[in-house]
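Observations on chain architecture
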Amino acid sequence: MPRPKSLKSTIPGIGRILRHFMPQIAKEKHLLVLSLLALVAETAMRLLEPWPLKFIFDRVILPGFNVHSLGIEALEGWSPTAVLTLLALSLVAISALRGAAAYGSTVGMAVAATRIMADIRGRLYSHIQRLSLSFHTKAKSGDLITRVTYDIERLREVTVVAALPLLTNTFTLVGMLVVMFVLNVELALIAVMVLPLFALSTMKMSTKIQTVARRQRKREGAMAASAAEAIAAIKVVQALGLQDMLENSFASHNKKSLEESAEAQKLRAGQERLVEVLVAIATSLVLWRGVQLTLQGSVTPGDLLVFITYLKVAFKPMRQLAKYTGQIAKATASGERVIDILDTVPEVRNLRGAMDALPFQGDIQFDRVSFGYGEESGILNNISFAIKPGQRIALVGPSGGGKSTLVSLLMRFYDPTAGSIRIDGNDIRAYTLDSLRNQISIVLQESVLFATSVRDNIAYGLAGATDEAIEVAARLANAHDFIMALPQGYDTVLSERGNTLSGGQRQRIAIARAAIRNAPIIILDEPTTGLDNESDRLVSDALERLTQNKTTLLISHDLRSAETADEIFYLEQGSILERGSHSALMQRNDKYARLYSLQSSPQPASESSSSVSPSAYALIS
Ligand code: ADP
């Protein structure tokens, strides 16, 4: 929970935001300067607004008050009607000019803010995409989405609905104070007497408002995160009957957020009323002393009119200041949430001087590689092996043994904590991430398809893939026939996650996707698990063709598919316990051999005959 912050300590936050986004802001500097000039013009017009009335009072209605008054000499010798006409016209002119200037500054600022925020949003999105898996496994996707959408929108909104008026109001306030002091120092002093009171109350209230606002923002983030989680896993939620439980927890967050929102509104409303009372006190004090001074003849009735009008106008911004500080505090919190992400440096990134890899031969070496997630250690322990180009390696062993981790290191999703991984003789950290990952294709157990056409799903990210190349890849993947049977063939748009296709069909599209990339290194992470016999046959057949002459790492619980590998690694608790060809390992007659015999022996009908059940691992160890 962040410490409650006062308005004063919000300012460094605003400073941090401005500094951070300076490059984006600088791009819009011309528009911003123009808007600011319009703002100054608007302020000047606001200051001028009561002056025609003052002159009407002093020169037309009450010319008897023959005291010295600012600007009155200029109208000397004019007839009252001429003065009146001139002043009436100037009233209209001032209003029209003020309107035009306000329009210019509002539109200018709004356009600049929209452009700046679109730019920042783009930067944030691409940064999130580049953050390491170690970050993403900890971050909640809903929370990240809120930052890209809601927080950015709030920042944009606040520049127009709060920051701009705040700036106008501050200019106006300063301008009016200057004019008041020029008109009459004593009255001006009386008017500003309430300022300290005002400042004190604003600061105190703002701290409270900001604390509540932050708490509410945090809760909204948590709510979005838990809703996103539940919706993403809706199948599991419904299967386990978790709806009620999740609904209850959501409802309780929702209720608390509502209460916090109401509390913030109450605080804001209270603050505004307090300011109103302070304005009334200042006005009555000025009126009381002002009338005495007028009767003594040291100020004109017109001057008093200007004073009272200014008081009303000058304190109105103050009343709004109270409103805006809340909004700005909220936006500052949003801005900080955005910057926190932008400041997160990807753990895995291109090293200085990283080079684009040449096309790989596919020679892989792990040299005393150890790895642990976060604080944990011992997920992989001192692993060394070498794979020659075109070799096929199978990684087998119980779940949690470290097989997936091992291949993630090869793709640099994480970097090893010790040791090094080399491809074609160079440490993979010497290559740029893109050039490394582009040359490794991966087929997972559950392939992710995007909500776009089959064609795009196969060619995703590959610029300039021809229709012929896509079809060749699909044929290799045994996918062409079923794709042609879809309503729009290759143009059929898949639903999110490709739910309209069977598991085997999804896998074959994923294989086509890998095939078209023609990567020299291929990773297969249990690609046939959960498929029926016919799908298994089609997918295995496609995989056989995909991996022809490619360095292949296959993770599998199905020892029959591992059997044909050039070498089999048996991994348990982060170490390679056995390695060798199928026949060598069978001769060794240890864990692998026992597992293989268990899998080959007849199993109860309910268990899949093609993969090892967790209980089998327990039996052999
Ligand atoms: P396998 O692929 O052999 O089933 P994994 O490489 O997935 O094994 O997992 C190895 C170990 O690392 C397991 O103990 C697992 O709990 C842990 N692990 C895997 N992924 C993460 C992660 N993102 N964060 C923390 N621990 C993880």
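To be clear, the structure that these remarks concern was listed above.
A brief look at the structure comes next. (Residues numbered from 1 in each chain as written. Predicted model: local features only at pLDDT ≥ 70, side-chain atom pairs only at ≥ 80, totals over all residues. Heavy atoms only, no water.)

Most of helix H13 (residues 403–410) is tucked away, with 7 of its 8 residues classed as buried. When H13 is considered as a whole, its buried residues turn out to be Lys-403, Thr-405, Leu-406, Val-407, Ser-408, Leu-409 and Leu-410. Two residues or fewer after H13 comes Arg-412, characterised by a positive phi angle close to 55°. (Buried < 20%, exposed > 50% of the residue type's maximum accessible area, 1.4 Å probe, protein only. Helix = DSSP H or I, 4+ residues; strand = E, 2+ residues; numbered from the N terminus.)

Per the counting criterion, the structure on display carries 9 aromatic pairs. When the centroid spacing of 5.5 Å and the interplanar angle of 50° are considered together, the rings of Phe-371 and Tyr-414 count as tilted. Placement of the pair is Phe-371 in strand S1 (residues 364–371) and Tyr-414 in the loop between H13 and strand S4 (418–423), with a sequence separation of 43 residues. Per residue, the accessibility class of Phe-371 equals that of Tyr-414, and both read buried. Taking 4.8 Å as the distance between ring centres and 55° as the angle between the ring planes, the aromatic pair formed by Phe-385 and Phe-569 counts as tilted. Of this pair, Phe-385 sits in strand S2 (residues 380–387) while Phe-569 sits in strand S9 (residues 567–572), and the two are 184 residues apart along the sequence. Phe-569 matches Phe-385 in its accessibility class, with the two residues each being buried. Chaining the aromatic ring pairs together yields one cluster made of Phe-366, Phe-385 and Phe-569. (Phe/Tyr/Trp six-rings, centres within 6.5 Å; stacked < 30°, edge-to-face > 60°.)

Okay, the pattern of salt bridges next. On inspection of all chains with the given rule, the structure shows 31 salt bridges. For the salt bridge of Asp-58 with Lys-54, the shortest nitrogen-to-oxygen distance reads 3.1 Å. Of this pair, Asp-58 and Lys-54 both sit in helix H4 (residues 51–61), separated by 4 residues, roughly a single helical turn. For the residue pair Asp-58 and Lys-54, the accessibility class agrees, reading buried in each case. Where salt bridges share partners, they join Asp-143, Arg-147, Asp-151, Arg-217, Glu-220 and Arg-337 into one cluster. (Salt bridge = Lys/Arg side-chain N within 4 Å of Asp/Glu carboxyl O.)

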